[in-house]
Amino acid sequence: MGRRKDQEGRRAALGEAAQRALLRRGLEGLRLKDVAEEAGITPAAVLYYYGDLDELMYETFQQAIERFCRAREAAVEALPDARERLRVCVDSGVATGPDDLLPRLLFEYWPRSLRDPKAAALDSALTERQVAVYYGVLVLGQAQGHFALAESPRLLAASLVAMEDGFQMEILAGRRTREDVIGALHAFLRATTGHDPAAAP
């Protein structure tokens, strides 16, 4: 049991080192040696815990998705009023700026999904979980009498996630601010739900 915990701890530490190396060098320029140097071990030691760099990157991306989605889901589910849920849902999905590490990590890995079915499946899971959060909020708001939806909740939820993804890249590239993006999402929601997320319930 102790050995297993030790191995899990070392894998977790390697995952953190991989994230730092990925953010520093980018996925396309990343080498096994970079991760090993970041972790303070040899490349052979990295391979002891992971079969290759692709396996390590896949698990790193998977863990980043889980952290991002769980934080967002927990923040939304803690609130009973759909109007508050909607405001928090927007806030928790928009990067704080170019140096927001978790969104950067997710977008560093995203291009691989264009040619790697395994990575594409992870990216689809990320999208679906985010759509599901918005969908639940919109349906609840409609049931509570707060929202008058202009389209189906599924379509609106998918549109919101697509807008977030596009705007997120603008924030990470330094071309838009978080405030700009939140304002744009609020404008879309005012037009499609009849509710202003910036207004207090």
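Look up a bit, the structure's there.
Presented here is a report on the structure given in the accompanying data block. Source: prediction; values computed, not measured.

### Quick word on the packing of helix 4 (residues 53–77) against helix 5 (residues 82–93)
The N-to-C vectors of helix 4 and helix 5 enclose an angle of 160 degrees; their axes lie 9 Å apart at closest approach. Accordingly, the angle class assigned to the pair helix 4 and helix 5 is roughly antiparallel. Remark: the crossing between helix 4 and helix 5 carries right-handed chirality. Across from F68, R72, A75, V76 and E77 in helix 4, the residues of helix 5 making contact are R85, V88, C89, S92 and G93.

### A few points about helix 7 (residues 117–143)
In this model helix 7 runs 38 Å from its N-terminal to its C-terminal C-alpha over 27 residues, within 8% of the 39 Å that 1.5 Å per residue would give. Where helix 7 is concerned, the buried positions are A119, L122, D123, L126, Q130, V131, V133, Y134, V137, L138 and G141. Where helix 7 is buried, its residues contact helix 4, helix 5, helix 6 (101–109), helix 8 (153–172) and helix 9 (178–193). Where helix 7 begins, the side chain of D116 points an oxygen toward the backbone nitrogen of K118, at a separation of 2.9 Å.

### So, helix 6
Buried within helix 6 we find P103, L105, L106 and Y109. Viewed along the axis of helix 6, the buried residues span an arc of 160 degrees, placing them on a single side of the element.

### Comments concerning the nonpolar core
Counting residues in hydrophobic clusters, the biggest one holds 28 residues, and the most contacted among them are V35, L56 and M57. Of all the elements in the fold, those that place two or more residues in this core are helix 1 (2–25), helix 2 (32–39), helix 3 (43–49), helix 4, helix 6 and helix 7. In terms of residue count, the dominant contributor to this core is helix 4 (nine residues). With residues near it in sequence (within four places) discarded, L56 still touches L14, A18, V35, V46 and Y50. In this structure, A82, Y134, L185 and L189 belong to the second largest nonpolar core, which totals 26 residues.

Quick notes on the rules
Residues numbered from 1 in each chain as written. Predicted model: local features only at pLDDT ≥ 70, side-chain atom pairs only at ≥ 80, totals over all residues. Heavy atoms only, no water. Axes fitted to C-alpha atoms, helices over the stretch in contact; angles between N-to-C directions. Helix = DSSP H or I, 4+ residues; strand = E, 2+ residues; numbered from the N terminus. Parallel < 35°, antiparallel > 145°, perpendicular 65-115°, else oblique. Left-handed = near helix turned anticlockwise from the far one by under 90°. Contact = heavy atoms within 4.5 Å. Expected span 1.5 Å × (residues − 1). Buried < 20%, exposed > 50% of the residue type's maximum accessible area, 1.4 Å probe, protein only. Polar contact = N/O pair within 3.5 Å; in protein donor to acceptor, adjacent residues only side chain to side chain. Arc of directions from axis to C-beta. Core = buried A, V, L, I, M, F, W, Y, C linked by side-chain atoms within 4.5 Å.

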